[in-house]
Amino acid sequence: MTGEPPIGVLLLQLGTPDSPEVGDVRSYLREFLSDRRVLDMPAPLRFLLLNAVILPFRPKKSAEAYEKVWTDEGSPLLIHTETVAAALAAALGDGYRVAYGMRYKNPSIESALSGLTAEGCRQLVLLPQFPQYASASTGSAVQKALELTAARGNVADVHCVGEFYDHPGFIAAAAGIAGPLLDEFEPDHVLFSYHGLPEKQIRRADQSGGWCLDTEGCCSSIGLVNAFCYRAQCFATTKALVEALGLQDATTSTTFQSRLAGQKWIEPYTDRRLPVLYDGGVRRLAVLTPSFAADCLETIEEIGIRGRKQWQDLGGEAFLLVPCVNADDRWVETLAGMVRSA
């Protein structure tokens, strides 16, 4: 590709505070929860909820959680994303320039686009790092990137990679990491825990207006009416991983974590499922978190620390948190293939 302008690749991630200090966490939460795709409600209600209920109390608690996972290099999400970007650049080689941008906070999508523009990129591949599609994650990040791209004087030729919830490369990488760990751990049960969403957002993605959460077995398969259903895509990821790992359906389950108060969120809830599993005789529990491509607060602290403590307090004998795909070689090669195909 000598002499031709390089192709820009932009990894999109959700974001992280600049530090675990309360002020930085408050600033992050304000930007994150001000997004209408995240808090999906009329603007006056969103303003009231954010400023009267969430921001006066949540930043301190969230800062304590971030403090538990923060490293000398920064937040785990930032570190893993940076590592993936460097590995992807090496895998793609000459002719490509790879950058990463956070939907909220730093490094911003705008700064990443500026860097790619300075490198002379006239074609751009957007690579959202969210396995399952959700308006609050993929939709918001892609919208922001497209808005910023369109606002520039010279608009790039943009290609966007879609969700990869059952992509063979993603499933192979996740199973390749989990398989040896599960073999050694010998769990009684494998729990697949996904980030939750308000039910209202699931219904809004319904192409028919009467299928999602209204029809028995609505998430058992994916078709035209629920092609954008986050919950159905999560169940599809579980199904693919169960098959790849050679697990039995009876010893696996799918749940949803990270809910906020005030709205009805998709079920079953992870924290409420743990007592049920214990009462059912499970003592050795393994947890996978395949709605995250990179380990972050929600995997390390919410599941690895709080979930583990809940399990121990119930009387559970052993608890295993399986890492995300992060910068696994198989996953990086899959990403490189996605970019070349795009």
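Keep in mind that what you see is a predicted model, and the values were worked out from it rather than measured.

The rules behind each value
Counting from 1, residues in each chain are numbered in the order their sequence is written. For this predicted model, a pLDDT threshold of at least 70 governs which residues receive local features, and a threshold of 80 or more governs which side-chain atom pairs are given and counted, while totals over whole chains, interfaces and linings are taken from all residues. As a rule here, side-chain values come from all non-hydrogen atoms in the structure, and water together with hydrogens is ignored. Between the rings of Phe, Tyr and Trp (Trp by its six-membered ring), a pair exists once the centres lie within 6.5 Å; its type follows the angle of the planes, with under 30 degrees stacked, over 60 edge-to-face, and the other angles tilted. In this scheme, Lys NZ or Arg CZ marks a charge over a ring once it lies within 6 Å of the ring centre and within 35 degrees of the ring normal. The rule for pairing is simple: two strands pair if DSSP sees at least two bridges between them. In this text, helices come from DSSP runs of H or I with a minimum length of four residues, and strands from runs of E with a minimum of two, each type numbered from the N-terminal end. For every element, the axis is a line fit to its C-alpha atoms; helices are fit only across the contacting stretch, and the angle between N-to-C directions ranges from 0 to 180 degrees. In this description, contact between two residues means that some pair of their heavy atoms is separated by no more than 4.5 Å. Roughly parallel means an angle under 35 degrees; roughly antiparallel, over 145; roughly perpendicular, 65 to 115; everything else is oblique. When the near helix sits turned anticlockwise from the far one by under a right angle, the crossing is termed left-handed; a clockwise turn instead gives a right-handed crossing. Side-chain atoms alone can form a polar contact between residues adjacent in sequence; in general such a contact is a pair of N or O atoms within 3.5 Å, and within protein one must be able to donate a hydrogen while the other accepts it. Between Lys or Arg on one side and Asp or Glu on the other, a salt bridge is scored when a side-chain nitrogen of the former is within 4 Å of a carboxyl oxygen of the latter. Only protein chains enter the accessibility calculation, which uses a 1.4 Å probe; a residue whose area is less than 20% of its type maximum is buried, one above 50% is exposed, and one in between is partly exposed.

**A closer look at the packing of aromatic side chains**
Aromatic rings in a pair are described by how distant their centres are and how their planes are angled relative to each other. Under the defined criterion, the tally for this structure stands at 10 aromatic pairs. Ring centres 6.1 Å apart and planes at 75 degrees place the aromatic pair Y66 and W70 in the edge-to-face group. Members of the aromatic cluster, connected to one another through ring pairs, are Y28, F32 and Y104. Sitting over the face of the ring of Y269, R259 holds its NZ or CZ atom 3.9 Å from the ring centroid. Above the ring of F185, the side-chain terminus of R284 is found at 4.5 Å from the ring centroid.

**A few points about the sheet that holds strand β6 (residues 252–257)**
Pairing in this open sheet of four strands is parallel, and the strands run β6-β5-β7-β8 from one edge to the other. Looking along the sheet, the strands with just one partner apiece sit at the ends: β6 and β8 (318–321). On average, each strand axis in the sheet is tilted by 25 degrees relative to the strand beside it, whichever way the strands run. Of the strand pairs in this sheet, strand β7 (residues 284–288) and β8 are connected by four bridges, and their pairing is parallel. Across the sheet, the residue bridging to R284 is A318, located in β8. Its contacts with the sheet put helix α11 (residues 297–314) on β5 (189–195), β6, β7 and β8, and the angle it makes with β8 is roughly 170 degrees.

**Overview of the packing of helix α10 (residues 270–279) against α11**
In the contact formed by α10 and α11, the axes pass within 10 Å of each other and the chain directions differ by 30 degrees. With respect to each other, α10 and α11 are oriented roughly parallel. Crossing of α10 over α11 shows right-handed handedness. When α10 is examined against α11, the residues T270, D271, L274, P275, L277 and Y278 are found in contact with a partner set consisting of I303, G307, Q310, W311 and L314.

**Focus on the environment of S62**
In this fold, S62 is placed in helix α3 (residues 58–69). Look past the residues within four positions of S62 in its chain and what remains in contact with it is V25 and L29.

**Quick word on the environment of T237**
Within the secondary structure layout, T237 lies in helix α9 (residues 230–245). Placed 73 residues apart in sequence, T237 and F164 show a C-alpha to C-alpha distance of 9.1 Å. Polar side-chain contacts of T237 include one of 3.0 Å to the side chain of Q132.

**Description of the pattern of salt bridges**
Counting across every chain of the model gives 12 salt bridges. Across the pair R306 and E301 runs a salt bridge whose closest N-O atoms are separated by 3.0 Å. Classification of E301 by relative accessible area gives buried; the value is 3%. K309 is the salt-bridge partner of D313, the closest N and O atoms lying 2.8 Å from each other. Highlighted residues: D313 and K309, both in helix α11, separated by four residues, approximately one helical turn. Overlapping salt bridges, with partners in common, bring together E199, R203 and D214 in one network.

**Side note on unusual backbone geometry**
N106 connects to P107 through a cis peptide bond whose omega is -10 degrees. Locating P107 in the fold gives a position in the loop between β2 (96–104) and α5 (109–118). Here the bond from E267 into P268 is cis, since omega is 0 degrees, no more than 30 degrees from zero. With respect to the helices, strands and loops of the structure, P268 is situated in the loop between β6 and α10. A positive phi is found at L213, a non-glycine position, where the angle reads about 70 degrees. With relative accessibility at 24%, the residue L213 sits in the partly exposed group. The backbone of N326 sits at a positive phi, close to 45 degrees, despite the residue not being glycine.

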